[in-house]
Amino acid sequence: MLITQLKDKETIASVLRGKVFLINCHGCKEVRFPVAEAETLRKELAEDGRLAGVITTDYICNVENLTKRLEKHAAEIAEAETILVLSCGVGVQTVADMFADKRVCAGCDTLPMPGFQGVTPLEYDCAQCGECYLNLTGGICPITACSKSLVNGQCGGSKNGKCEVDPDMDCGWERIYRRLEMLGRLDLVRCPTQIRNYATDLEVSK
Amino acid sequence: MASAPLPRAVPCEDSESQFIKEGEKLENYTKYRLKGIDELAQVLEGKDNLFVIACNKCFKEFECVDETDCEDFLNIAAELGKSITTSIKFDFLCNKTQTLRKLDELNVIPEGTENVVVISCGLGVQTMADAVKLPVIAAANSLNYTGHHGMALTKKACDACAQCYLNLTGGICPIVDCSKSLVNGQCGGAKNGKCEVSPDKDCAWEKINQRLAAQGRLAEFKAQPVQLRDYSKINFKVINDYVQSIREARFDGYYGGIHPAERKEFAEGFALARFPEPDEVVILMGQHIGAPANPVVKVGDYVKVGQLIGEAPSFISAPVHASVSGTVTAVEPRLHPIQGVPAMAVVIKNDHLDALDESVRPHGDLDSLSAEDIINIVRDAGIIGMGGAGFPTYVKLKPGKPIDAVLINACECEPLLTADHRVLLEQADEVIFGLQAILKAVDAPKGYIVIEDNKPDAIELMTAKTEGMENIEVVTARTKYPQGAEKMLIKRVLGRKVPSGGLPADVGAVVSNVSTAKAVCDAICKGMPLIERVVTVTGERIANPGNFIVKVGTSVKELIDFCGGLTGDDVTVKLGGPMMGFAQADLNVPIMKSSNGVIAFDTDHTVPVACIKCGRCVDVCPMELAPLYFQKYVDDGDVEGLKKKSIMDCMECGCCEYICSSKIPLVSKIKAGKKAVKEAK
C-alpha cells in the first residue's frame, strides 16, 4: 500500500513496444492512484491503435486472483508486445514474474508512505528497524523523525529547532528532548550508546 | 473494544498455510514480536503500575482471534514482580481515529497508572505516545523484513524509491533484490550466481541479465544511459502533507467510506425517455420493507391505471396499484428479484388504452392540506423509499418525535447510476414540491437537498430553483461512498450521530430519496399513486445505456432488450447499483418501486482467500465496525462473537467487500451472520 504516480509521458512512450496490454491496479486507490492520468493514457493508446486490451482490477499482488482475472484476456495479452502495469512496484514484479517471457513495463513510480501497510494513511512512520528505540525517546522514532536516523542524540546541525537537511522539518532529537523533558525522563538520554544493527530479518528475526 | 479476553476460536499456532511458500515464514509478515524477558527486565527496571495495551496484530492469516502476546507479557511482568493496573487489546492500534475514540469512550486508563506499556509495532507505540501524557514503553520490536509488500501476502518487495527501475530490468527490482541496490549492473562480486554479501541469495543482476537475454532485450539495456539514483525524489515533507490531506478527505463528514470508480459517463448524458408501454406487467405485492400487500383483484378483472390491486395489511406495509390498464391474467407467485424466490404478484395484460382509474384525482394545493392529509395521501399512494431500501414513506412521516430537518438524499453515491441525477435535472420543481410537502407533514422548519459534487449542473439548477425559499438549503457534499446512507448523510449534513440500533427520527431527522419526493408530488398534484419510476439501464455490457421512466412491473429483460441487449457473454446483471444491488440469474423479473437501476458488467470470477488482517475493512467501514470478525465468526458459528462486534449495526453498504484484499464476500457473510443472530433470539 503505497503512493503511486504516473511516470512522465516521454518515459512511458520510450519503453513501449508494439501493442500494449494495460493493467490498472485500483487495490490501494483509496491512498493514491493516478486515475485520471491513467485514463488519458488509455485513451491515447486506443486512439493510436496500440491498445491490445485493458483490465482495471485490484490487488494484482495477489497472484492467484490475478491469474484468474487475466484468463479472459489471454488473446489480448498474446497480441500485445508490452504489458504496461500501473501499480506499485510489487504489482509490476508480480506481473513480470507471471509473464517472464514478455516485456512487462512499469508505468508508475512508487513513493513511500508513512504508516506502511497497516491501517493507513498515518502521519507516523516505522522503518521496521527491528530494534525499537521508542523506549529511549519518549515515543518519537529517531529512525524516521530524524533525517539522519541518528540514535544517540542530536547531530548539532539543527537551527531554531529545524533540521539542517530539510529546513521544513522539525529536528527529531529536539522533539524527543522536549517530550522527555515533559515526561520528566531526561535521564533516558544518558543511556548507553546505541548501536544500530543493520542485519535484515533473515539474520535477526528468526 | 476488547477489554475482556475474547473467546478463543481456534488454537493459535503457526499452521501451514497456502500463503507460506517453501522457505518462508508467515510470521515475517506481521509487524512485531514481544521483546524477550531479559530485554523487558531492563526496559521495565524501576517502573511499575503498568497499563498494558496490545495491538491484535495485522498482516497474518486470521486464524486466531486472541493473540497471546498480551498474556505472555502479563506472565513476564508477574515474574518480574510488576503490578498491572489493567490490560486491554485493540485492533489496529495505528488506526488513530478509532484508537483515540476508544480510549476516550472506554476511559480505560485507571487511576494510579504510572507507565503505559504498548505491545505493537512502532506505529502503535507512536500513536499511543502521542495520545497519552504518561511515559510509554514499547514492549515489542517491529519485525524487519526486506522492503514493502503489497496487500496480498507475497514475498515481492518494493522499496518505494520513487523512480521505478523495473522497465530497465525486466521486472526484477535492483533496489530490493540486489544487496547493494546497484542500478547499473553487477558489482562483479557474485560467485556462481550467488551474492557476495549473502551467499544464500541469488545475484539480482544475474537474474536480470538472464531475463533480459531470454526476452532479447540485452542490446536495449546496454543502450541505456547510466542511471543515477536520485534520493531527493522522496520529499518527506511533500509526502506527509499529502498523507495528511488524504486523511482529511477520508474523514470528511464521517469516518471511512470509499471512492469506487464512478462510471457514470455511460448514462448520465441521456435525458429521461419514456419506456414503451409493456404488453404485460408483473406487479409484486411485496416491494417494500414490511408485510406484503394482499391482492384485492382476481384473474379476469379489468383494472385501470392507478387502481388499487393490493391492500396493506398492517402498519409497516404499503398498498400496490396497477401501472397499466387491462385484464388481470394471473394472481400467483412470481420470481422476486430481491428475495430470489417466487412471491405473490398480480399479472396484468396491458390493453394499451391507458384508462385512468376514477380514484386518480388531484388533491389540491399544499395550503389546503393538513399534515395528516399529506400523510394519508402518501400512505394511500403506496409510496416507499425509492433509493433502494423500500421503507414505507408514510411511516417515516409519523415519527412520534419532533423533527427539525428533512434531508432529500440526492447523492446517488452508487457508481453507474444516474437516475436521481436526471430526476434532479428534469423534475426539479416536483422534487422541491415533494420536499415542501414532507416538511409540512412532519412540521419541520428546514429542508436540505444534499447533492454530491460530481453533479455540478444539478447543484446549480437546484440552487437557482430554491432561491428565495428560506426553509430549503442545497448542500454540496464531497463525493464519497456511502454518502447516501441515511446515517452518513445525517452525520455529514447535521453533524449528528444516529445511535446504534436507532432511527433518523431519534436525532430529529427524516431522510427521503429524491425520487420519493417526486412521487409525493405526483400523489398530491395528480393523485397518481406510485406506479412508475426512473430507472438507469447502464454498465459496460449494455449496448445502449439510458435513463427511462418505467412502469412498475415491467420486465428487466424487456428493458435490457430495448437497450440493445447485453454485449458479450459472462455478464452479471444487477438490479440496483454495483455496491448494494442484487444480482439476477434470471432476467424475467419485474422492476419494482425501489429499483433505481439495471446494470450489466463483467462477471468477476475471483476466488476468495483467507483473511490476512490487513485492516482495510476497518479503515473504510463507515459504521466504525470491524468486518473481518464477521466473516471469522460466521465461519466459526460464533453468534455471541457476532453480537459483541455489533453485526446488527452493519448496513451492508459493501465498502468492506470492495476493499477486501482477500476478496472475501463479506456482505453475504454478514447477511448470513445477521440471520444467525436473529434466529438465536
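It should be emphasised that the depicted structure is a prediction, and the values quoted were computed from it without experimental measurement. (Residues numbered from 1 in each chain as written. Chains lettered and ligands numbered in written order. Predicted model: local features only at pLDDT ≥ 70, side-chain atom pairs only at ≥ 80, totals over all residues.)

### Comments concerning the overall build of chain A
No. 1: Counting its secondary structure elements, chain A contains 8 helices and 6 strands.
No. 2: Reading the secondary structure of chain A in the N-to-C direction produces β-α-β-α-β-α-α-β-α-β-β-α-α-α.
No. 3: Here chain A holds 206 residues, and 46% of them are scored as buried.
No. 4: Expressed as a percentage of contacts within chain A between residues at least 6 apart in sequence, the contacts between residues at least 24 apart total 58%. (Helix = DSSP H or I, 4+ residues; strand = E, 2+ residues; numbered from the N terminus. Buried ≥ 20, exposed ≤ 12 C-beta atoms within 10 Å, placed from the backbone. Contact = placed C-beta atoms within 7 Å.)

### Looking at the overall build of chain B
No. 1: Summing up its helical and strand segments, chain B has 21 helices and 23 strands in all.
No. 2: Summarising its shape, the C-alpha atoms of chain B cover approximately 90 × 70 × 50 Å along the three principal directions.
No. 3: The buried share of chain B, taken over its 681 residues, is 50%.
No. 4: Counting contacts in chain B only where the partners sit at least 6 residues apart, residues at least 24 apart contribute 71% of the total.

### Details of the confidence of the model for chain B
Residue and element names in this part refer to chain B.
No. 1: Confidence in the prediction of chain B, expressed as mean pLDDT, is 89, and 94% of residues score 70 or more.
No. 2: Long-range and interchain partners of residues 1-28, a stretch whose pLDDT sits below 50, account for 48 contacts in this model, where long-range means more than four residues apart.
No. 3: Across the whole predicted complex the pTM is 0.84, and at the interface the ipTM reaches 0.76. (pLDDT = per-residue confidence, 0-100.)

### Side note on the sheet that holds strand β7 (residues 273-274) of chain B
All names here are of chain B.
No. 1: Judged by pairing direction, the sheet is mixed, and its 6 strands sit side by side in the order β7-β20-β19-β23-β21-β22 without closing on themselves. Whereas interior strands pair on both sides, the edge strands pair on one side only; in this sheet they are β7 and β22 (582-584).
No. 2: Sheet strands touched by helix α11 (residues 419-426): β19 (532-538), β20 (546-551) and β23 (597-602). Its angle to β19, the strand with the most contacts, is close to 125°. (Pairing = 2+ DSSP bridges. Axes fitted to C-alpha atoms, helices over the stretch in contact; angles between N-to-C directions.)

### Some words on the domain arrangement of chain A
No. 1: With domains assigned, chain A is organised as domain 1 (3-111) and domain 2 (142-204).
No. 2: Averaged C-alpha coordinates put domain 1 of chain A and domain 2 of chain A at centres separated by 41 Å. (Domains from an automatic or database assignment.)

### Here's the deal with the pairing of strand β15 (residues 405-410) of chain B
Consecutive side chains of a regular strand alternate in pointing toward one face of the sheet and then the other.
All names here are of chain B.
No. 1: Judged by how many residues are buried, β15 sits mostly within the fold: 6 of 6 residues are covered.
No. 2: Burial of β15 is two-sided: the residues Ala405, Leu407 and Asn409 facing one way and the residues Val406, Ile408 and Ala410 facing the other way are all buried.
No. 3: Looking at chain direction, β15 and strand β16 (residues 446-452) are connected through 6 bridges and run parallel. Its bridge partner lying in β16, Ala405 is registered against Lys446.
No. 4: Inspection of the sheet shows β15 paired to strand β18 (residues 509-513) by 5 bridges, in the parallel sense. Looking at β18, one finds that Ala405 is bridged to Ala509.

### A word on the domain arrangement of chain B
No. 1: One can read the domain layout of chain B as domain 1 (26-142), domain 2 (174-231), domain 3 (273-360 + 531-602), domain 4 (366-525) and domain 5 (616-680).
No. 2: Domain 1 of chain B and domain 4 of chain B are separated by 47 Å when their C-alpha centres are compared.

### So, the environment of Gly257 of chain B
Residues and elements named next belong to chain B.
No. 1: With respect to the element layout, Gly257 can be found in the loop between α8 (236-250) and β7.
No. 2: With 26 C-beta atoms packed within 10 Å, Gly257 lands in the buried category.
No. 3: For the pair formed by Gly257 and Met488, sequence separation is 231 residues and the distance between their alpha carbons is 9.5 Å.
No. 4: Gly257 has contacts with Lys480, Tyr481, Pro482, Val620, Pro622 and Cys655, leaving out every residue within four places of it along the chain.

### Quick look at the sheet that holds strand β12 (residues 320-321) of chain B
No. 1: Within the open sheet, the 3 strands sit side by side as β9-β11-β12 (chain B). Their pairing is antiparallel. A strand with exactly one partner marks an edge of an open sheet, and here the two such strands are β9 (294-295) and β12 of chain B.

### Focus on the pairing of β18 of chain B
No. 1: For β18 of chain B, the tally of buried residues reaches 5 of 5 residues, placing the bulk of the element in the interior.
No. 2: Residues Ala509, Val511 and Asn513 of chain B of β18 of chain B are buried on one face, and the alternating residues Val510 and Ser512 of chain B, pointing to the opposite face, are buried as well.

### Some points on helix α12 (residues 428-442) of chain B
Residues and elements named next belong to chain B.
No. 1: Taking 1.5 Å of rise per residue, 15 residues should cover 21 Å, and α12 covers 21 Å from first to last C-alpha, within 8% of that figure.
No. 2: With 12 of its 15 residues buried, α12 lies for the most part within the structure.
No. 3: Within α12, the full set of buried residues consists of Glu430, Val431, Ile432, Phe433, Gly434, Leu435, Gln436, Ala437, Ile438, Leu439, Ala441 and Val442.
No. 4: Positive phi appears at Asp443, one or two residues downstream of α12, with a value of about 55°. (Expected span 1.5 Å × (residues − 1).)

### Considerations on the confidence of the model for chain A
No. 1: Here chain A shows a mean pLDDT of 85. Residues at 70 or above account for 89%.
No. 2: Between the elements of chain A, mean pLDDT differs from a low of 49, seen in helix α8 (residues 201-204) of chain A, to a high of 96, seen in helix α4 (residues 74-79) of chain A.

### Considering the packing of α12 of chain B against helix α15 (residues 514-525) of chain B
Two quantities define a packed helix pair, namely the angle between the axes and the distance from one axis to the other.
Residue and element names in this part refer to chain B.
No. 1: Contact geometry of α12 with α15 gives a least axis separation of 7 Å together with a crossing angle of 80°. With respect to α15, the axis of α12 lies roughly perpendicular. Of the residues in α15, those in contact with Glu430, Val431, Phe433, Gly434, Leu435, Ala437 and Ile438 of α12 are Val514, Ala517, Lys518, Val520, Cys521, Ile524 and Cys525.
No. 2: Residues of the contact of α12 with α15, tallied by class, amount to 11 nonpolar, 1 polar and 2 charged. (Parallel < 35°, antiparallel > 145°, perpendicular 65-115°, else oblique. Nonpolar A, V, L, I, M, F, W, Y, C, P; charged D, E, K, R; others polar.)

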